Amino acid sequence: MAAILSAMLRALGQLADPRILRLLAKTAAVSLVLFIVLGWAGWIALDWLLAWAGLQDAAFTRAGGVRGVVSLAITLIAGWLLWRVIAMGVISFYADEAVLAVEARYYPDAALRARDLPLHQQLTTSLAAMGRALIANLIVLPFALALLVTGVGTALLFWAVNGVLLGRELSDMVWLRHRHAEGAPAPLTAAERFVLGGVTAALLAVPFVNFLAPVLGAASAAHLIHAREKALNVRS
């Protein structure tokens with residue numbers, strides 16, 4: 001879709017903006033810290049669980065080493081699956097900064113009309129986004145494992161599910177600042193939300209690019225929504 005391509009190119013062109021650079025550094029640092037902390041805690045918990053289940057040094061020599069390898073493997077797989085959950089939770093919390101940077105440069109009138117979100121609403125929105133993503137990924141995990149034999153089925157399933165989720169989260173995090181009635185949906189079609197979320201989900205799977213993906217997605221959503229609002233106002 002031309003509108004989504006234009007929005008993403010504009011978002012990409014704003015990466016040199018000092019406000020966007022500061023946001024990228026902050027979200028990448030917070031995401032990495034959360035990833036390391038959760039990974040370390042998960043490794044410790046899994047090692048304890050395996051020892052409790054009977055994989056102890058008393059059972060056979062070097063059981064501790066086996067537990068470490070198994071725990072590390074499971075933690076890495078879980079980390080790969082949950083990175084997008086962590087990244088989107090963080091950018092949901094800092095979404096205001098990404099949207100403000102876009103609006104200040106391209107949509108100053110919209111920036112004046114926007115409402116500031118209180119801290120508690122940013123926090124609950126972030127936690128809700130992480131919760132929905134975590135639950136959805138856990139629900140499809142058994143199906144994804146069954147599709148491993150297909151070679152690409154697992155990746156496609158995770159991409160599709162997270163594309164739907166991300167499209168909703170990205171559009172909602174912008175629309176929260178601008179909706180005129182409680183519960184009013186963002187002025188994007190289901191197809192536009194899915195393409196926006198699908199591209200962002202694909203970028204989240206690319207090493208190093210995945211640090212940019214949430215901010216690019218949020219900025220692109222801001223461009224899409226404001227362009228659609230402008231078009232609707234012109235027609236009316």
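Caption draft 1: View of the overall build of the protein chain. Along the backbone of the protein chain there are nine helices and zero strands. For the protein chain, the α and β elements follow one another from N to C terminus as α-α-α-α-α-α-α-α-α. Among the 236 residues that make up the protein chain, the fraction classed as buried is 42%. For the protein chain, contacts bridging at least 24 residues in sequence account for 78% of all contacts bridging at least 6.

Caption draft 2: Spotlight on a nonpolar patch on the surface. On the surface, Leu5, Leu9 and Leu12 cluster together into a nonpolar patch covering about 310 Å² of accessible area. Secondary-structure assignment places Leu12 in helix α1 (residues 2-13).

Caption draft 3: Expanded view of the nonpolar core. If you look at the biggest cluster of nonpolar residues, it comprises 40 residues, and the most contacted ones within it are Ile91, Leu170, Met173 and Val174. Broken down by secondary-structure element, the contributors of at least two residues to this core are α1, α2 (18-52), α3 (63-93), α4 (95-106), α7 (153-175), α8 (190-204) and α9 (213-235). Counting residues per element, this core draws most heavily on α9, which supplies nine residues. If we ignore the near neighbours within four places in the chain, the residues touching Val174 are Val99, Ala218, Ala221, Ala222 and Ile225. Ranked by size, the runner-up nonpolar core spans eight residues in total, among them Ala136, Ala144, Phe158 and Leu165.

Caption draft 4: Region of interest: the pattern of salt bridges. This model, assessed by the stated rule, comprises five salt bridges. Arg132 is paired through a salt bridge with Glu169; the nearest N and O atoms lie 2.8 Å apart. A residue pair is termed long-range when its members are at least 10 positions apart, and Arg132 in helix α6 (residues 119-146) and Glu169 in helix α7 qualify at 37 residues. On the basis of relative accessibility, which here comes to 6%, the residue Glu169 falls in the buried class. Two residues, Arg228 and Glu192, come together in a salt bridge whose shortest N-O distance is 2.4 Å. One end of the pair, Arg228, is in helix α9; the other, Glu192, is in helix α8, with 36 residues separating them in the sequence. Exposure remark for Arg228: the relative accessible area of 24% places this residue in the partly exposed category.

Caption draft 5: Main features of the confidence of the model for the protein chain. The share of residues in the protein chain with pLDDT of 70 or more is 77%, and the mean pLDDT across the chain is 77. Mean pLDDT per element in the protein chain: α3 is the minimum at 65, and α8 is the maximum at 89.

Cut-offs and rules
Residues numbered from 1 in each chain as written. Predicted model: local features only at pLDDT ≥ 70, side-chain atom pairs only at ≥ 80, totals over all residues. Heavy atoms only, no water. Helix = DSSP H or I, 4+ residues; strand = E, 2+ residues; numbered from the N terminus. Buried < 20%, exposed > 50% of the residue type's maximum accessible area, 1.4 Å probe, protein only. Contact = heavy atoms within 4.5 Å. Patch = residues over 30% accessible without salt bridge, like charges linked within 9 Å, V, L, I, M, F, W, Y side chains within 5 Å. Areas by Shrake-Rupley, 256 points an atom, 1.4 Å probe, with all protein chains shown as cover. Salt bridge = Lys/Arg side-chain N within 4 Å of Asp/Glu carboxyl O. Core = buried A, V, L, I, M, F, W, Y, C linked by side-chain atoms within 4.5 Å. pLDDT = per-residue confidence, 0-100.

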